Amino acid sequence: MIFLELFWVFFQVGILSFGGGYAALPIIAEKVTNENPWLTMEQFTDVVTISQMTPGPIGINAATFVGMRLEGILGGVCATLGFVTPACIIVTVLAIIYKKYRKSDVMGGILTGLRPASV
């Protein structure tokens, strides 16, 4: 049951954390120290420190380390999958929409407007 809880908690974090991994850290802290008292704030601070030192996105690293601290490798996998699943779903939906409407003038206008913003 803890594996499903880990997945669900980090799925929620993945949905709510717009702005990257550093934006996710306060949400993760709230979820794992207050809502689900899995870690103390001191333990969470250790997780953040390790997450910053290891290569990769800090949000994914934090999810992995929280899951591993609680339930070993399988816990780390569940937390990581929960964190990345919302982004995968959103990108897949956007790809389907793009594929369907890529030749329309409206989509061309949207992409033309987005190009300078992305630079």
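On a predicted model such as this, the values are computed, not experimentally measured, just so you know. (Residues numbered from 1 in each chain as written. Predicted model: local features only at pLDDT ≥ 70, side-chain atom pairs only at ≥ 80, totals over all residues. Heavy atoms only, no water.)

1. Re the packing of helix 1 (residues 2-16) against helix 2 (residues 21-35)
Point 1. Running from N to C, helix 1 and helix 2 cross one another at 155°; their axes reach a closest spacing of 10 Å. In this view, helix 1 runs roughly antiparallel relative to helix 2, as classed from their interaxial angle. Considering only the axes of helix 1 and helix 2, their crossing is right-handed. When helix 1 is examined against helix 2, the residues Val-9, Phe-10, Gln-12, Val-13 and Leu-16 are found in contact with a partner set consisting of Ala-24, Ile-27, Ile-28, Lys-31 and Val-32.
Point 2. Here the contact of helix 1 with helix 2 is composed, by residue class, of 8 nonpolar, 1 polar and 1 charged. (Axes fitted to C-alpha atoms, helices over the stretch in contact; angles between N-to-C directions. Helix = DSSP H or I, 4+ residues; strand = E, 2+ residues; numbered from the N terminus. Parallel < 35°, antiparallel > 145°, perpendicular 65-115°, else oblique. Left-handed = near helix turned anticlockwise from the far one by under 90°. Contact = heavy atoms within 4.5 Å. Nonpolar A, V, L, I, M, F, W, Y, C, P; charged D, E, K, R; others polar.)

2. Observations regarding the side chain of Thr-64
Point 1. Structurally, Thr-64 is set in helix 4 (residues 58-101).
Point 2. A polar contact of 2.8 Å, which involves the side chain of Thr-64, links it to the backbone oxygen of Ile-60.
Point 3. Excluding its chain neighbours within four sequence positions, the residues that come into contact with Thr-64 are Gly-76 and Thr-80. (Polar contact = N/O pair within 3.5 Å; in protein donor to acceptor, adjacent residues only side chain to side chain.)

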